[in-house]
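# Chain and residue survey
Read off the chains here:
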Amino acid sequence: MRAYSADLYRFAYWLCRDRHAAEDLVQEACLRGWKSWGDLREPAQAKAWLMTIVRNEYARNLSRKRSDPSLDDVDESQLPFAPSSEGGLEAAQLVAMLPLTYREPLLLQAIGGFSCAEIAGMLGTSEGAVMTRLTRARQALRQQYTEAVKRRTVG
Amino acid sequence: MNCLEFRREKLADPRRLSSEARSHADGCPTCAAFGREVDESEQALERALQTPVPEGLAERIIFQSRRPRRAWRAWALAAGLLVALAVGFVLGTSRQPANADVYARLAIEHVAMEPESLTSVIGADAQAFQAAVQTFGGDVRELPGKIRYIRLCPVEDGYGWHVVFETPQGLATLILVPGKRLPRLETASAGGWNALARPVRGGYYAIITKSRDATSEFERMLRDCIVWNA
């Protein structure tokens with residue numbers, strides 16, 4: 001767990017955007033992982049397994065609070081919306097503005113280094129659906145990033 | 001593979017291109033340029049996601065996993081109840097309704113929970129600030145200080161811009177929250193911080209500094225520098 005704690009924390013942080021909640025999530029997930037370590041059949045899959053537990057823990061917290069849309073309630077066709085006035089904001093802020101359905105696979109890939117097939121397994125969806133979400137997420141980020149660079153060049 | 005398929009594959013997983021996709025990019029200057037652009041924005045993304053990990057996190061995880069959880073939870077619950085009682089007592093004795101000046105208090109809490117905003121210089125972009133103010137129907141004539149930090153943060157009712165200025169009176173934090181209308185001006189002091197939250201067209205702003213005088217002075221500067229059209 002020590003080897004994965006940084007990636008687990010960063011994944012949790014970018015899901016909930018709160019340092020304290022992120023640490024709680026990781027603590028809780030690791031505790032669950034620790035208890036059911038015997039269920040892990042392939043040690044090579046430990047990182048994916050722990051990240052899935054973090055994700056599930058976050059989903060559990062969300063459904064308890066009911067303050068955010070649940071992981072499955074977000075409309076697939078809903079593209080990330082960022083007004084052009086926010087073009088100057090950093091990539092980090094743009095990531096935070098992505099709907100969870102796009103943010104989640106993006107974080108698993110950019111932080112966890114997982115492939116589309118692996119992410120599909122972790123999210124319980126098809127590889128095609130993951131590819132679509134990642135493509136849309138990066139299109140939105142890229143558009144905003146390009147606008148920000150242009151603005152800086154002009155300015 | 002055609003250009004459309006290449007783009008889809010590149011955007012879905014920039015680091016794992018198939019041999020077909022790589023061959024396509026080798027023979028297609030447009031897709032090769034597209035690939036480079038994606039790689040560049042991917043690097044920016046990865047840098048952005050490298051948020052600092054709390055010191056000693058791994059040790060705390062291991063320590064917690066070896067502690068009897070139930071007992072810890074019971075003590076935490078008891079401690080929480082005691083704190084709640086103490087806070088209730090303090091609030092009660094100060095004869096202040098629990099919901100009074102809640103947004104000014106939340107602003108103080110926001111700054112206290114994000115101490116790095118006062119020690120780091122991030123995204124100090126005047127254009128981003130101008131754009132944020134414009135969403136309120138405001139117009140920036142000049143900056144009320146040197147911007148050190150600007151971030152879009154989650155706040156009580158959605159998102160807000162968290163901006164830190166360097167001023168002659170010290171650091172001043174301005175939080176712009178669009179879409180939430182406050183019925184009146186709110187003020188609060190807690191933990192060595194002073195704050196006000198003022199409704200403006202399009203939402204409200206909160207100013208947080210170390211003293212009432214510094215808060216008033218920063219608001220005076222803000223009024224000189226920004227036309228809120230309210």
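If you're wondering where the values come from, they're calculated on a predicted model, not measured in any experiment.

### Considerations on the overall build of chain B
- Scanning chain B from N- to C-terminus turns up 8 helices and 8 strands.
- The burial tally for chain B puts 44% of its 230 residues in the buried class.
- As displayed, chain B offers around 12,500 Å² of accessible surface, 55% of which is attributable to carbon and sulfur atoms.

### Considerations on the packing of aromatic side chains
Residue and element names in this part refer to chain B.
- All told, the structure shown has 5 aromatic pairs over all chains when counted by the stated rule.
- Here Tyr 103 and Tyr 204 contribute two aromatic rings whose centre-to-centre distance is 5.4 Å and whose plane-to-plane angle is 65°, an arrangement assigned as edge-to-face. One end of the pair, Tyr 103, is in helix H6 (residues 102-113); the other, Tyr 204, is in strand E7 (residues 203-209), and 101 residues separate them in sequence.
- Its relative accessible area of 13% is what places Tyr 103 among the buried residues.
- By relative accessible area, Tyr 204 is classed as buried at 6%.
- The ring of Trp 193 has Lys 210 sitting right over it, with the charged end atom 4.0 Å from the ring centre.

### A few points about the nonpolar core
- Counting 50 residues, the largest nonpolar core has Trp 14, Met 51, Leu 107 and Leu 108 of chain A together with Leu 49 of chain B as the members making the most contacts within it.
- Among residues more than four places away in sequence, those in contact with Met 51 of chain A are Asp 7, Leu 8, Phe 11, Leu 108, Ile 111, Gly 112, Phe 114 and Met 122 of chain A.
- Within the second largest apolar cluster, 25 residues are counted, among which are Val 133, Ile 147, Leu 176 and Leu 222 of chain B.

### Section: the environment of Leu 11 of chain B
- Locating Leu 11 of chain B in the fold gives a position in helix H1 (residues 3-12).
- Taking C-alpha positions, Leu 11 of chain B is 9.5 Å from Asp 39 of chain B, a pair spaced 28 residues apart along the chain.

### Details of the confidence of the model for chain A
- Per-chain confidence: chain A averages 76 in pLDDT, with 72% of residues scoring 70 or above.
- Of the regions scoring below 50 in pLDDT, residues 66-88 of chain A engages in 46 contacts with residues more than four places distant in sequence or in other chains.

### Some details on the pairing of strand E6 (residues 193-200) of chain B
Residues and elements named next belong to chain B.
- In terms of burial, E6 is largely enclosed, as 6 of its 8 residues are buried.
- Pairing of strand E5 (residues 186-190) with E6 involves 5 bridges; the strand directions are antiparallel. Within E6, the residue paired with Glu 186 across the bridge is Ala 197.
- Here E5 hands over to E6 after 2 residues, with Gly 191 in that stretch at a positive phi of 55°.
- The sheet contact formed by E6 and E7 spans 7 bridges and is antiparallel. Along E7, the bridge assignment pairs Ala 195 with Ile 208.

### Describing the pattern of salt bridges
- For the structure shown, the criterion picks out 12 salt bridges over all chains.
- Note that Arg 138 of chain A is salt-bridged to Glu 42 of chain B, the shortest N-O span being 2.7 Å. Residue Arg 138 of chain A is found in helix H7 (residues 127-154), and its partner Glu 42 of chain B is found in helix H3 (residues 29-49); the two belong to separate chains.
- Each member of the salt-bridge network shares a partner with another, and the members are Glu 217, Arg 220 and Asp 224 of chain B.

Each value, and the rule that gives it
- Residues numbered from 1 in each chain as written.
- Chains lettered and ligands numbered in written order.
- Predicted model: local features only at pLDDT ≥ 70, side-chain atom pairs only at ≥ 80, totals over all residues.
- Heavy atoms only, no water.
- Helix = DSSP H or I, 4+ residues; strand = E, 2+ residues; numbered from the N terminus.
- Buried < 20%, exposed > 50% of the residue type's maximum accessible area, 1.4 Å probe, protein only.
- Areas by Shrake-Rupley, 256 points an atom, 1.4 Å probe, with all protein chains shown as cover.
- Phe/Tyr/Trp six-rings, centres within 6.5 Å; stacked < 30°, edge-to-face > 60°.
- Lys NZ or Arg CZ within 6 Å of the ring centre and 35° of its normal.
- Core = buried A, V, L, I, M, F, W, Y, C linked by side-chain atoms within 4.5 Å.
- Contact = heavy atoms within 4.5 Å.
- pLDDT = per-residue confidence, 0-100.
- Pairing = 2+ DSSP bridges.
- Salt bridge = Lys/Arg side-chain N within 4 Å of Asp/Glu carboxyl O.

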